[in-house]
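Examination of the molecular architecture
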Amino acid sequence: MTRILLSLAVFVFFALCVYGMWHGWKRRQRKQADLPAFPVTPANLGAARLATTGVYIGTTNAGNWQDRVQVGDIGHRAEATLSLVPEGIAIERTGASPIFIPAASIRDARTDRGLAGKVMFSEQGLLVVQWENEGHLFDTGFRGDDKDVYDEWVAALGQHPINTEGKA
């Protein structure tokens, strides 16, 4: 009888934890419902200047590395291909909708060790792009299969012809 009660108590505790996580996810979605709609990927994109494969980590409100945007499927991690095209950055995700960051929206690019609850051991574990959408700043993170290309990405995004910050 004691084993049955203990097993039942563990099951109830586990169910409450799952319910709490689900409830928190839904609450965050409601809180973020007023965020501007993410840009739609244009039908025709130019040739990629840079491309790399890896994992889309997530998008957060800029400056708060744990405040993951959870509207729609934007908060879902997925294997992805990151491409720098003349129109901006295209992120083709496996099993999730694509994400597009217009070139005029790009504000900064850097390497970082954490974003959206994902923490890496290395200071250069993630490539993070900061961009603006209708006055709201976002950080979008990507963990590349080949981290040696991060410097090339940071340099290319800093010199992007439409980058309004004029970084060199």
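Residues numbered from 1 in each chain as written. Predicted model: local features only at pLDDT ≥ 70, side-chain atom pairs only at ≥ 80, totals over all residues. Heavy atoms only, no water.

Secondary-structure assignment places Asn-64 in the loop between strand E1 (50-61) and strand E2 (78-85). Taking the relative accessible area as the measure of exposure, Asn-64 reaches 39% and is therefore partly exposed. When the C-alpha atoms of Asn-64 and Asp-139 are compared, they prove to be 8.7 Å apart, with 75 residues separating the residues in sequence. (Helix = DSSP H or I, 4+ residues; strand = E, 2+ residues; numbered from the N terminus. Buried < 20%, exposed > 50% of the residue type's maximum accessible area, 1.4 Å probe, protein only.)

A word on the confidence of the model for the protein chain. Averaged over all residues, the pLDDT of the protein chain equals 84, while 90% of them reach at least 70. Of all secondary-structure elements in the protein chain, the lowest mean pLDDT belongs to strand E7 (residues 118-119), at 70, while strand E3 (residues 88-93) reaches the highest, 95. Contacts from residues 162-168, a stretch scored under 50 in pLDDT, to residues over four places away or in other chains number 19 contacts. (pLDDT = per-residue confidence, 0-100. Contact = heavy atoms within 4.5 Å.)

Once that is clear, we can look at the sheet that holds strand E8 (residues 126-133). Pairing in this open sheet of seven strands is antiparallel, and the strands run E4-E3-E2-E1-E9-E8-E5 from one edge to the other. At either end of the open sheet lies a strand with only one pairing partner, and these are strand E4 (99-102) and strand E5 (106-112). In this sheet, neighbouring strand axes are inclined to one another by 30 degrees on average, regardless of whether the strands run parallel or antiparallel. Inspection of the sheet shows E5 paired to E8 by six bridges, in the antiparallel sense. (Pairing = 2+ DSSP bridges. Axes fitted to C-alpha atoms, helices over the stretch in contact; angles between N-to-C directions.)

Moving on to empty space enclosed by the protein. If a probe the size of a water molecule is rolled over the atoms, the empty space left behind becomes visible. Here the structure, examined in full by the defined rule, presents one cavity of 30 Å³ or more. Sorting the residues of the lining of the largest cavity by element identifies E3, E8 and strand E9 (136-144) as the ones contributing at least two each. Considering each element in turn, the lining of the largest cavity owes the most residues, three residues, to E9. Partitioning the lining of the largest cavity into residue classes produces eight nonpolar, two polar and no charged. (1 Å grid on protein atoms, 1.4 Å probe; cavity = no way out; pocket = protein on both sides within 12 Å on 5 of 7 lines; lining within 4 Å. Points joined across faces, edges and corners; volume = space filled by probe spheres on them. Nonpolar A, V, L, I, M, F, W, Y, C, P; charged D, E, K, R; others polar.)

Among the nonpolar cores identified, the biggest contains 25 residues, and Leu-82, Leu-84, Ile-89, Ile-91, Trp-153 and Leu-157 are the most heavily contacted of them. Those elements that place two or more of their residues in this core are E1, E2, E3, E4, E5, E8, E9 and helix H2 (150-158). Per element, the largest residue contribution to this core is four residues, and it comes from H2. Residues within four places of Ile-89 in sequence aside, it is in contact with Leu-82, Ser-83, Leu-84, Ile-99, Phe-100, Ile-101, Ile-106, Val-129 and Leu-157. Counting residues in each nonpolar core, the second largest holds five residues, with Val-55, Leu-115, Leu-126 and Val-128 among its members. (Core = buried A, V, L, I, M, F, W, Y, C linked by side-chain atoms within 4.5 Å.)

Below, the discussion takes up the layout of surface pockets. Size it by volume and the largest pocket reaches roughly 180 Å³. Contributing to the lining of the largest pocket are 13 residues, with Ala-37, Phe-38, Pro-39, Val-71 and Ile-74 lying nearest its centre. Looking at the lining of the largest pocket residue by residue, the class counts come to twelve nonpolar, one polar and no charged.

On to a negative patch on the surface. A cluster of acidic residues, Glu-79, Asp-145, Asp-146, Asp-148 and Asp-151, forms a negative patch at the surface. Examined against the element boundaries, Asp-151 turns out to sit in helix H2. For Asp-151, a relative accessible area of 53% gives the class exposed. (Patch = residues over 30% accessible without salt bridge, like charges linked within 9 Å, V, L, I, M, F, W, Y side chains within 5 Å. Areas by Shrake-Rupley, 256 points an atom, 1.4 Å probe, with all protein chains shown as cover. Salt bridge = Lys/Arg side-chain N within 4 Å of Asp/Glu carboxyl O. Lys, Arg positive; Asp, Glu negative; His and termini not counted. Charge placed at Lys NZ, Arg CZ, Asp CG, Glu CD.)

Further remarks concern H2. Among the residues of H2, Tyr-150, Trp-153, Ala-156, Leu-157 and Gly-158 are the ones counted as buried. Where the residues of H2 are buried, they touch E1, E2, E3, E5, E8 and E9.

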